[in-house]
Amino acid sequence: MQRRAVFEALAGREDHPTADQVYDAVKASLPAISRTTVYRILDALVQNGLILKVCHPGSAARFDPKVHRHHHLVCLSCERIVDIQAESLNHLSLPDVSGHGFHIEDYHVHFRGTCARCARKQKIGRRPSRAAGRPRAGSGPTMRNPRDKKRG
Ligand SMILES: [Zn+2]
Ligand SMILES: [Zn+2]
């Protein structure tokens with residue numbers, strides 16, 4: 001069954017693959033399956049709540065077999081997504097969005113920054129990269145807890 005093969009290709013993975021990466025994995029066991037079919041099945045699995053679609057602005061959507069509440073560390077350099085559990089984030093007080101007529105069903109938190117591998121790479125060979133134009137503030141890690149502190 002194609003649907004099962006797609007689900008199993010994703011289950012147990014922690015790398016949050018793109019649809020194309022899932023397709024590559026499924027193809028290994030079902031060479032006849034088409035890319036469109038894999039995309040369609042992924043969407044159906046998302047709609048049935050069996051997997052999550054992780055929206056990742058600026059790049060392809062990523063799929064996540066973990067549907068319980070968890071949070072993500074997103075590397076700005078290599079786009080790796082790492083799962084984290086943080087009990088404090090599971091009980092955030094939700095903003096009042098009634099003015100938007102919006103009903104919040106769920107949330108998860110993305111922390112953006114630099115993964116260990118990329119941080120190491122940046123330290124070793126300071127190659128000029130396209131993302132090198134960002135100003136450096138201090139020498140600390142770029143992952144800070146974003147608090148909206150008002151200045152002055
Ligand atoms: Zn990285
Ligand atoms: Zn995840």
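A quick note: this is a predicted structure, and the numbers were derived from the prediction, not measured. (Residues numbered from 1 in each chain as written. Chains lettered and ligands numbered in written order. Predicted model: local features only at pLDDT ≥ 70, side-chain atom pairs only at ≥ 80, totals over all residues.)

## What about the overall build of the chain?
- Counting secondary structure elements, the chain contains four helices and five strands.
- Listing each helix as α and each strand as β along the chain from the N terminus yields α-α-α-β-β-β-β-β-α.
- Split into buried and exposed, the 152 residues of the chain put 11% on the buried side.
- Of the contacts formed within the chain by residues at least 6 apart in sequence, a portion of 52% connects residues at least 24 apart. (Helix = DSSP H or I, 4+ residues; strand = E, 2+ residues; numbered from the N terminus. Buried ≥ 20, exposed ≤ 12 C-beta atoms within 10 Å, placed from the backbone. Contact = placed C-beta atoms within 7 Å.)

## Observations concerning the environment of His70
- With respect to the helices and strands, the residue His70 is situated in the loop between strand E2 (62-64) and strand E3 (71-75).
- Taking the C-alpha atoms as reference points, His70 and Tyr107, 37 residues apart in sequence, are found 9.1 Å from one another.
- With near-sequence residues (within four places) excluded, His70 lies in contact with Asp83, Ile84, Gln85 and His108.

## Comments concerning the sheet that holds E3
- Strand order in this open sheet of three strands is E4-E3-E5, and the pairing throughout is mixed. The sheet is open, and its two borders are formed by strand E4 (81-84) and strand E5 (110-113), each paired with just one other strand. Adjacent strand axes in the sheet meet at a mean angle of 25 degrees when their direction is disregarded.
- With four bridges joining them, E3 and E4 adopt antiparallel strand pairing. In the sheet register, His71 faces E4, and the bridge partner there is Ile84. (Pairing = 2+ DSSP bridges. Axes fitted to C-alpha atoms, helices over the stretch in contact; angles between N-to-C directions.)

## Re unusual backbone geometry
- The residue His16 is not glycine, and still its phi comes out positive at about 50 degrees.
- Residues other than glycine seldom take positive phi values, yet Glu79 does so here, at roughly 65 degrees.
- Within the secondary structure, Glu79 is located in the loop between E3 and E4.

## What about the confidence of the model for the chain?
- This prediction gives the chain a mean pLDDT of 85; 81% of its residues lie at or above 70.
- Within the chain, helix H4 (residues 116-124) has the poorest average pLDDT of any element, 90, and helix H3 (residues 35-47) the best, 97. (pLDDT = per-residue confidence, 0-100.)

## Remarks on the packing of helix H1 (residues 2-10) against H3
- At a closest axis distance of 10 Å, the pairing of H1 and H3 adopts a crossing angle of 75 degrees. Put simply, H1 runs roughly perpendicular to H3. On H3, the residues that touch Gln2, Arg3, Val6 and Phe7 of H1 are Thr37, Val38, Ile41, Leu42 and Leu45.
- In the contact of H1 with H3, the residues fall into six nonpolar, two polar and one charged. (Parallel < 35°, antiparallel > 145°, perpendicular 65-115°, else oblique. Nonpolar A, V, L, I, M, F, W, Y, C, P; charged D, E, K, R; others polar.)

## Some thoughts on H3
- The end-to-end C-alpha distance of H3 is 19 Å, a good match for the 18 Å that 13 residues give at a rise of 1.5 Å each.
- Within the span of H3, buried status applies to Val38, Ile41, Leu42 and Leu45. Projection of H3 onto a plane perpendicular to its axis shows the buried side chains occupying an angular sector of 105 degrees, all on one side. Exposed and oriented more than 90 degrees from the buried face of H3 are Thr36 and Gln47.
- Against the buried residues of H3 lie H1, helix H2 (19-29) and E2.
- Backbone geometry just after H3 places Gly49 at a positive phi near 75 degrees. (Expected span 1.5 Å × (residues − 1). Arc of directions from axis to C-beta.)

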